[in-house]
Amino acid sequence: MTLPAAIKSDFPLLDQQFHGHQLVYLDSANTSQKPQVVIDAMADYYEHTNANVHRGSYELAVRATAALEGARAKVASFINANSDSEVVFTKNATESMNLLARSWAETNLSAGDAVVISEMEHHANIVPWHMLRAQKGIELRWIPVDQSGHLDLSDLDRLLDGAKLLSVTAMSNVLGTLNPIAQLSERAHAAGALMAVDASQYVPHVPTDVQALGADFLVFTGHKMLAPMGIGVLWAKAELLDAMPPFLGGGEMILNVTKDGFTTNEIPWKFEAGTPMVAEAVGLGRAVDYLSELGMDNVRQHEVELTAYALRTLTERHGDKITIHGPTEPAERGGVMSFIYGDVHPHDVAQVLDQSGIAVRAGHHCAKPLMDVLGANATSRASLYVYNDKSDLDKLADALSAVDDIFSF
Amino acid sequence: MIGLEDLYREIILDHYRTPRNRGELETPPAQRVEGFNPLCGDEIIVYLQVDDSGVIDDVAIGGQGCSISQSSASMMSVAIKGRTIEDARKLIVAFKGLMSIHETEIGGDGSEAALGIELEGAAEDMKLGDLEALRGVVKFPIRIKCATLSWNTLAQALDEAAAA
Ligand SMILES: Cc1ncc(COP(=O)(O)O)c(C=O)c1O
């Protein structure tokens, strides 16, 4: 037992019934539930600390500013950033990726320059590059995904030849695959490209060290790591952020404004135009504390064990009926399991499971190019987090039998 | 409590297992229109062949999707085959009414708004037959889009057939 046995009781939302059954929440890759301490921290901020930040000289405003900057410091240390100023708060991972594309890439890339991504990217790491291609004529290259659900790196040298950026997910939100980011960073740098990492599914589940990953940019989103919706992070090396033009213009991001123009604030505030999401940042800071108290090594260990149990149980119980995509080795993957059950459509599978109080996602998971590779229009996806346990997976295996009752032809 | 039996009625599962009018038609003379549900990736292709007198003399359904979208498309194909374009439009309005969608506008452009209201009245006489089995979908709001996918695609195919 790597995590406290009673951890479920930290999450008030989980104590609910749906269709007469206790909720079994297996959709954390979509969004995570929030522990009481995070909910309380946000309420406490509004009850005692709320004021606009970086503006007031009175004590309350000083405290609000300290709450925001304190959260930034917690996030910086959680991912082992060199300095707090490397942590830019955004709305979510999608905005972080767009900031990278609109600011850094728009400035540094010209027509014909290549950006390399992979076939297992979330739309958040695809569409901004399509947009830049339409705008500037950049070239978009794709690392293929092989049948085992891993990146096929056999042609990487050619793909990286002349590329300016390699941007890859650290963990697939469909297959669970953990990609060799440190190795990819090295290869990118050797080819003269920078390395961006979509760590939306990684930071919540795996101890993260941006230095060890060798990345230049890394994005993630608070709501998948026990924090509220509405806050995300762009981490980048300070010298890169310093050289990048602002993304949005307005208050907070300036040092001075005249009728002739403006000068930008220092990093990270240069990228945080307007009143920021302070309560959400406080929630993220508390979520980071909560995860650190559990220990990220324990979080990862828990998920490896549970994933192994899930893969074993589902295969034992449902045999050839169930196809689980992605790596078969738990150590090579996270707790995200996309599956196909017989020839029953994922929508129908999810509907039947819902009737037993089990929440899984069905659809293309915002990764349509990957679905094309898998030859599927959709999959069902069960995804795990700290509050899941073996009983949740037993219930999933049981409830899948009900799918048979309705759809066995 | 709402039960799955309200959704997965036997006749729905029957159309899902054994879809009617499944296949393709040659284009031309047939119209071919694709419909997508971006939410779940379901895809429906409606082939529609209309004769000179405005009667749908053949229909075929392609694509893939969940039991609700597939069975709805299958039942729709049976319901419209041999009907006039005008009757098919009335059926669309009647079916959408069954799904609790009340549109005054059925075509792509505003000029048909008045026709839509007229149709809503006329549609009340349309017999939905087997399609009534889909009534339970209303209790599962996220599935309404599955049930209406083929009908929205049909509406577009009818517009194209009428214009051709
Ligand atoms: C791998 C990956 N990248 C990016 C995102 C986008 O996150 P958000 O919607 O919070 O911006 C997600 C979540 O859906 C994801 O799984």
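Calculation rules
- Residues numbered from 1 in each chain as written.
- Chains lettered and ligands numbered in written order.
- Predicted model: local features only at pLDDT ≥ 70, side-chain atom pairs only at ≥ 80, totals over all residues.
- Contact = placed C-beta atoms within 7 Å.
- Helix = DSSP H or I, 4+ residues; strand = E, 2+ residues; numbered from the N terminus.
- Buried ≥ 20, exposed ≤ 12 C-beta atoms within 10 Å, placed from the backbone.
- Pairing = 2+ DSSP bridges.
- Axes fitted to C-alpha atoms, helices over the stretch in contact; angles between N-to-C directions.
- Core = buried A, V, L, I, M, F, W, Y, C linked by C-beta atoms within 7 Å.
- Domains from an automatic or database assignment.
- Parallel < 35°, antiparallel > 145°, perpendicular 65-115°, else oblique.
- Left-handed = near helix turned anticlockwise from the far one by under 90°.
- Nonpolar A, V, L, I, M, F, W, Y, C, P; charged D, E, K, R; others polar.

Details of the interface of chain B and chain A
- Between chain B and chain A, the residue contacts involve 15 residues of the former and 16 residues of the latter.
- For the side of chain B that touches chain A, the secondary structure elements donating two or more residues are α1 (4-7) and β2 (42-50) of chain B.

So, the pairing of strand β17 (residues 379-383) of chain A
All names here are of chain A.
- Burial runs high along β17: 5 of the 5 residues are buried.
- Burial along β17 is two-sided: T379, R381 and S383 and S380 and A382, pointing in opposite directions, are all buried.
- Pairing geometry for strand β14 (residues 336-341) and β17, over 4 bridges, is antiparallel. Opposite F339, over in β17, you have S380 as the bridge partner.
- Strand direction decides the pairing type here: strand β16 (residues 361-363) and β17, joined by 3 bridges, are antiparallel. Note that in β17 the partner of A362 across the bridge is S380.

What to know about the sheet that holds strand β3 (residues 56-64) of chain B
Residues and elements named next belong to chain B.
- Taken together, the 3 strands give an open sheet; going across it, the order is β1-β2-β3, and neighbouring strands pair in antiparallel fashion. The open sheet has two free edges, formed respectively by β1 (31-37) and β3, since each of these has just one partner strand. Taking each pair of neighbouring strands and ignoring which way they run, the sheet shows an average axis angle of 20°.

Notes on the sheet that holds strand β10 (residues 232-236) of chain A
All names here are of chain A.
- Sheet architecture is open: 7 strands sit in the order β4-β10-β9-β8-β7-β5-β6, paired in mixed fashion. Looking at which strands have only one partner, the edges of the open sheet turn out to be β4 (87-90) and β6 (139-143). Strand-to-strand twist across the sheet, computed as the mean angle between neighbouring axes with direction ignored, equals 20°.

A short note on unusual backbone geometry
- The residue after I267(A), namely P268(A), is reached through a cis peptide bond having omega 0°.
- Its place among the elements puts P268(A) in the loop between β12 (262-264) and α9 (278-294).
- Residue P28(B) follows T27(B) across a cis peptide bond; omega there is -25°.
- Here P28(B) lies in the loop between α2 (10-17) and β1.
- Phi angles above zero are rare outside glycine, and N21(B) is one such case at about 55°.
- Among the secondary structure elements, N21(B) is positioned in the loop between α2 and β1.

Looking at the nonpolar core
Residue and element names in this part refer to chain A.
- Among the nonpolar cores identified, the biggest contains 129 residues, and V197 and V278 are the most heavily contacted of them.
- Take this core: its biggest share by element is 9 residues, from α9.
- Residue contributions to this core reach at least three from each of two domains, namely domain 1 (7-30 + 295-407) and domain 2 (38-293).
- Excluding residues within four positions of it along the chain, V278 makes contact with Y45, V53, A64, A67 and L68.

Some remarks on the domain arrangement of chain A
All names here are of chain A.
- Assigned domains within chain A: domain 1 (7-30 + 295-407) and domain 2 (38-293).
- A C-alpha centroid distance of 28 Å is found between domain 1 and domain 2.
- Contacts between domain 1 and domain 2 engage 23 residues on the former and 22 residues on the latter.
- Every element with two or more residues in the side of domain 1 that touches domain 2 is listed here: α10 (296-318), β14 and α12 (368-374).

Here's the deal with the environment of L156(A)
All names here are of chain A.
- The topology assignment puts L156 in helix α5 (residues 156-160).
- For L156 and I143, which are 13 residues apart along the polypeptide, the C-alpha to C-alpha distance reads 7.2 Å.
- Aside from chain neighbours lying at most four places away, what touches L156 is I143 and R187.

With respect to the packing of helix α2 (residues 59-78) of chain A against α9(A)
Residue and element names in this part refer to chain A.
- The interhelical angle for the contact between α2 and α9, taken along N-to-C directions, is 40°, at an axis separation of 8 Å. Regarding the angle of α2 to α9, the classification is oblique. Crossing angle aside, the handedness with which α2 passes α9 is left-handed. Residues A64, A67, L68, G70, A71, K74, V75 and F78 of α2 form the contact with α9, whose participating residues are V278, A281, V282, L284, G285, V288, D289 and S292.
- A per-class count over the contact of α2 with α9 returns 11 nonpolar, 3 polar and 2 charged.

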